[in-house]
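Fold and contact review
Given next are the chains, with one letter for each unit.
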Amino acid sequence: MLAVVTLLLVSPIPLQTWRWTDATLQPVDMVPGWQPVSALMQADFDGDGRIERLSLLNGHATLQTDAQIRWQSPQTWQVRQAEVADLNGDGLPEAVLLVWRPFKSWPVDQWLPNGGRIDQFHNADGFSCQLILVGWYQNFFRERWAGSALAEPVKSFAVVDLSGNGKQLLVTLEASYEDAESLPARRLKVWEWNGFGFRVVYQMDGSFSQMVIARAGAGLILLSAP
C-alpha cells in the first residue's frame, strides 16, 4: 500500500493517513510498523564509477568525490534542504535543492506591457524561494533546471514514488512569504515533471509540519509531526 501520512500541526487529533488513489489522497487506516527511510545523499553523477556525495551544512550545499569538491552552492544561496533524486525522469541523478536567494524578476518583464508578474514573490528581506536541480551535463556540474521564484515558498519537500510505477513525484509543504518561520505550512502539494518543469497534480489545504518518508510493509508513506 502506498500512502501519505500527515499529522495536522496545530490540532490535537490522531494521526491521519491517506492513500494515493486515482491521483487523489484518500483517507485510510493508519499503517502500523512503519520505519523511516533516509533521503538519498549520494550517487554516481558523472558515470565514472565513483560516488559523489551531497552534503548540506549551514545553508551551503556541496557535491564531492572523495575529498575533491566538484560543485558547491554560491555564497548568495541559502540552501534549506538537499536530496539526490531523478525528478525529471532522464535516468540521471540530480541534486534537488530548496533554495532561498536574492529575488530576480524575469528579464522579459521589462519589455512587456504588463511586466512584473512575479515581483511579489519574495520575503521582506528580498529573498525568494526556488527549487533547483543540479547535475552533470556536458562535462560539468551545473544547474540542469531552475524554477522561477515560487508564488508560495516551500518549507520542506519529499521525493516519493506514490504510485509504485517508478516515477518520482515531488511533495511539498508550502506557506506564504508573509508567514513567520515558526508557523506551520498552509498546504500540501504533489507535483510531477511535465518535460519542461513541474505541475501541480494535487493539493490539500490545512496546517502541516515537515515530512519524512517511511516504509510500511511493501509501500511507502509520508509522515509529519503534530
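Throughout what follows, the structure given in this document is the object of discussion. (Residues numbered from 1 in each chain as written. Predicted model: local features only at pLDDT ≥ 70, side-chain atom pairs only at ≥ 80, totals over all residues. Heavy atoms only, no water.)

**Focus on the overall build of the protein chain**
This is how it is decided: Secondary structure elements are taken from DSSP: a helix is a run of H or I of four residues or more, a strand is a run of E of two residues or more, and numbering for both begins at the N terminus. To sort residues, take the accessible area from a 1.4 Å probe on protein chains only and compare it with the maximum for the residue type: under 20% means buried, over 50% means exposed, and anything in between is partly exposed. Note on definitions: a residue-residue contact is assigned when non-hydrogen atoms from the two residues lie within 4.5 Å. A 1.4 Å probe and the Shrake-Rupley method give the accessible areas. Residues count as covered only by the protein chains that appear here.
On a plain count of helices and strands, the protein chain comes out with zero helices and 18 strands. By residue count, 45% of the 226 residues in the protein chain fall in the buried class. In the protein chain, the proportion of contacts linking residues at least 24 apart, taken out of those at least 6 apart, comes to 47%. Surface exposure of the protein chain reaches about 11800 Å², of which carbon and sulfur atoms provide 52%.

**A short note on the sheet that holds strand S7 (residues 60-65)**
Where we set the bar: Paired strands are those between which DSSP finds at least two bridges.
Taken in spatial order, the four strands line up as S5-S6-S7-S8 in an open sheet, and their pairing is antiparallel. Pairing within the sheet leaves two strands with one partner each, and these edge strands are strand S5 (42-43) and strand S8 (68-72). Pairing of S5 with strand S6 (residues 52-57) involves two bridges; the strand directions are antiparallel. Note on S6: the bridge partner recorded for Ala43 is Glu52.

**Describing the side chain of Asp46**
Selection rule: Pairs of N or O atoms are called polar contacts if they sit within 3.5 Å, as long as, within protein, a hydrogen donor faces a hydrogen acceptor (for residues adjacent in sequence, only side-chain-to-side-chain pairs).
Examined against the element boundaries, Asp46 turns out to sit in the loop between S5 and S6. A distance of 3.1 Å separates a polar atom in the side chain of Asp46 from a polar atom in the side chain of Arg70. Look past the residues within four positions of Asp46 in its chain and what remains in contact with it is Glu52, Arg70 and Trp136.

**Considering the pairing of strand S11 (residues 127-137)**
Of all eleven residues that make up S11, eight are buried, and the element is covered over most of its length. Across eight bridges, the pairing between strand S10 (residues 94-102) and S11 is antiparallel. In the sheet register, Leu98 faces S11, and the bridge partner there is Leu131. Of the strand pairs in this sheet, S11 and strand S12 (residues 140-146) are connected by six bridges, and their pairing is antiparallel.

**Section: the nonpolar core**
Convention followed: Put simply, buried Ala, Val, Leu, Ile, Met, Phe, Trp, Tyr and Cys residues joined by side-chain atoms within 4.5 Å make one nonpolar core.
Membership of the largest hydrophobic core comes to 18 residues, with the highest contact counts inside it found for Leu87, Cys129, Leu131, Phe157 and Leu170. Ignoring anything within four residues of it in the chain, the contact list for Leu131 reads Leu97, Leu98, Trp145, Ala146, Gly147, Leu150, Phe157 and Leu170. The next biggest cluster of nonpolar side chains, apart from the first, holds 17 residues, and it includes Val171, Val190, Tyr202 and Ile213.

**What about the pattern of salt bridges?**
Pairing between side chains of opposite charge can happen when their charged atoms approach one another. Our working definition: What makes a salt bridge here is a side-chain nitrogen of Lys or Arg within 4 Å of a carboxyl oxygen of Asp or Glu, nothing more.
By the definition in use, this model includes 14 salt bridges. Taking the shortest distance from any N to any O, the salt bridge between Asp46 and Arg70 comes out at 3.1 Å. Linking Asp46 in the loop between S5 and S6 with Arg70 in strand S8, this pair joins segments that are 24 residues apart in sequence. Of the residues examined, Asp46 reaches a relative accessible area of 17% and is grouped as buried. A relative accessible area of 22% means that Arg70 is categorised as partly exposed.

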